[in-house]
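# Breakdown of the fold
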Amino acid sequence: MKFIIYLQKYIQQLFQRTLGDFQDIQAILSDPEFKKRKIRDNLYACSFVACLLCIISMTGFVGTYAPRAVGAVLPTINSTTVYLVIFGINLVFLACFYQCLREVVKDEELLDDLVYVFLLIDSSLACLSFFTTQNGSSFFFEYLLILILVYLLPIYDNIKVLIPIIAVNLATTFAVIDVTGHEVPWQDQYDIVLFYLVCLVIIFSRRHLALSFAQVRMTLRSRNEEFYQRSRTDELTGLLNREALREDFEQYFGKALCVMICDIDQFKFYNDTYGHIRGDEILSVVSRLFQKHFGYTGVYRYGGDEFLIISFMPHDGFQHYVETFQNQLCKQPFEAVQRHPTVSGGYTWGYCEGAVSLRTMFAQADQLLYKAKAAGRNRVFGEPFDMEKAEAGLHEMATWIEAELPAKQAAASEIKVT
């Protein structure tokens, strides 16, 4: 009874492992990068095969006129004709592969089909080498040489393609042998069977290695993408961070934008009164609402409790989402908080010409944020982008800072002396 239970568990585990491996293989085969890499590698491999076959056929063609050349074993078809056919067909394919590698043809399915048509034709032409065999030489040497190149250099990721290639090759081979009446010794037949077994082992081994390397590349790519996204994302809120803003900066140039800067009103009060854990919860809730209404792209955590939103939406649509956000925030439940959190902000809209325009839009939105704070908080002010007005506001702010700074430094010095 225990043996049956153990056997059942083993079969179940084996089935699950096989199913998992099959799913992994399907994921690899459907990966766009793997397809491109496999097609490119096969194009190079088939170009090499075509080039070698052209060299072999031309060498054989010249050899038929050598002084010591003897008669062919199968004179049914002239040897020079066979070599010229093999040379001509492979020369055409070599020219096609050259154009494909120059990316003249970009259709991946067409490129894949071209590779397999080439392999199918050359595996079928291999049996023509029987007619070039001279008396006293090996009957199967050139045949096996061609098949080694065809079977072992490309990567057969699709087993369904390999089966008809081998089937057509075997059918044409035995048809030629049968029609010509050539007697094949038992040892040669045995060697042919061993040759196909060895080729199949090597084909499946190379396929397994190719898929394994592809899986490693996919895993590394996935982890690199994950690390890249983490480097762009604020861990607490899930919003984009300043690093992401630096990377995305240029994508906003030359477009009509809405830019909003806002923050949580008196956020320090929540941290001081309820603790930083409760403050982080408030930040997370507000961030989720921003993501819900403005999407994941273009929503940045600009500072501690400050947020920056850059949107391609028209002004009317953006204003609607701002109002909806404010309404949803008022309805949002916050546990163990007596004063309901609110948000104040300022936004501007207009055409962004470049880096200077975008930074000036930030400045204008920031000025409007301060106006909203001064007007009583829990509100968002907006106005169209005005470069001169924003620069004047920056100048006023700089003048105010310069005027206030000496007084603050003097007060600080008095405190230290005391």
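### Quick word on unusual backbone geometry
Its identity is not glycine, yet Gln266 carries a phi of approximately 45°, on the positive side. With respect to the element layout, Gln266 can be found in the loop between strand 1 (255-264) and helix 9 (267-274). Accessibility expressed as a relative area gives 39% for Gln266, which makes it partly exposed. Positive phi, close to 65°, is recorded for Arg377, a residue that is not glycine. Assessed through its relative accessible area of 33%, Arg377 is described here as partly exposed.

### Description of the sheet that holds strand 2 (residues 299-301)
Two orientations exist for strands paired in a sheet by backbone hydrogen bonds: parallel and antiparallel. With mixed pairing, 5 strands are arranged side by side in an open sheet as 2-3-1-4-5. The sheet terminates laterally at strand 2 and strand 5 (380-384), the two strands that pair on one side only. Neighbour-to-neighbour, the strand axes of the sheet open up by a mean angle of 15°, direction not taken into account. Relative to strand 3 (residues 306-311), strand 1 runs antiparallel, the two being bridged by 6 bridges. Its bridge partner being in strand 3, Cys258 is matched across the sheet by Ser311. Lying over the sheet, helix 12 (residues 355-374) contacts strand 1, strand 3, strand 4 (343-352) and strand 5, oriented at roughly 150° with respect to strand 4.

### Observations concerning the environment of Ile165
In this structure, Ile165 sits in helix 6 (residues 159-180). Along the chain, Ile165 and Ser124 lie 41 residues apart, while their C-alpha atoms are 8.1 Å from each other. Apart from residues lying up to four places away in sequence, Ile165 is in contact with Tyr116, Leu119, Leu120, Ser123, Tyr151 and Tyr156.

### A short note on the environment of Thr133
On the secondary structure map, Thr133 appears in the loop between helix 4 (108-125) and helix 5 (141-152). Sequence-wise, Thr133 and Leu74 are 59 residues apart; in three dimensions their C-alpha atoms are separated by 7.3 Å. In contact with Thr133, not counting residues within four places along its chain, are Gly71, Ala72, Val73, Ser138 and Phe139. Among the polar contacts made by the side chain of Thr133, one reaches the main-chain carbonyl oxygen of Phe139 at a distance of 3.4 Å.

### Some details on the side chain of Asp31
Take Asp31: it is sitting in the loop between helix 1 (2-29) and helix 2 (32-63). What makes Asp31 buried here is its relative accessible area of 8%. Here Phe34 takes part through its backbone nitrogen, which lies 3.1 Å from a polar atom of the side chain of Asp31. For Asp31, the contacting residues outside a window of four places in its chain are Met218 and Arg221.

### Examining the pattern of salt bridges
This structure, assessed with the given rule, holds 14 salt bridges. Close ionic contact of Glu33 with Arg221 constitutes a salt bridge, the shortest N to O distance being 2.3 Å. Placement of the pair is Glu33 in helix 2 and Arg221 in helix 7 (residues 186-232), with a sequence separation of 188 residues. Given a relative accessible area of 33%, Arg221 falls into the partly exposed group.

### Thoughts on the pairing of strand 1
Burial within strand 1 is extensive, with 8 of its 10 residues counted as buried. Where strand 1 and strand 4 come together, 10 bridges link them in antiparallel fashion. Its bridge partner lying in strand 4, Ile261 is registered against Gly346.

Conventions and cut-offs
- Residues numbered from 1 in each chain as written.
- Predicted model: local features only at pLDDT ≥ 70, side-chain atom pairs only at ≥ 80, totals over all residues.
- Heavy atoms only, no water.
- Helix = DSSP H or I, 4+ residues; strand = E, 2+ residues; numbered from the N terminus.
- Buried < 20%, exposed > 50% of the residue type's maximum accessible area, 1.4 Å probe, protein only.
- Pairing = 2+ DSSP bridges.
- Axes fitted to C-alpha atoms, helices over the stretch in contact; angles between N-to-C directions.
- Contact = heavy atoms within 4.5 Å.
- Polar contact = N/O pair within 3.5 Å; in protein donor to acceptor, adjacent residues only side chain to side chain.
- Salt bridge = Lys/Arg side-chain N within 4 Å of Asp/Glu carboxyl O.

None of this, on its own, says anything about what the molecule does.
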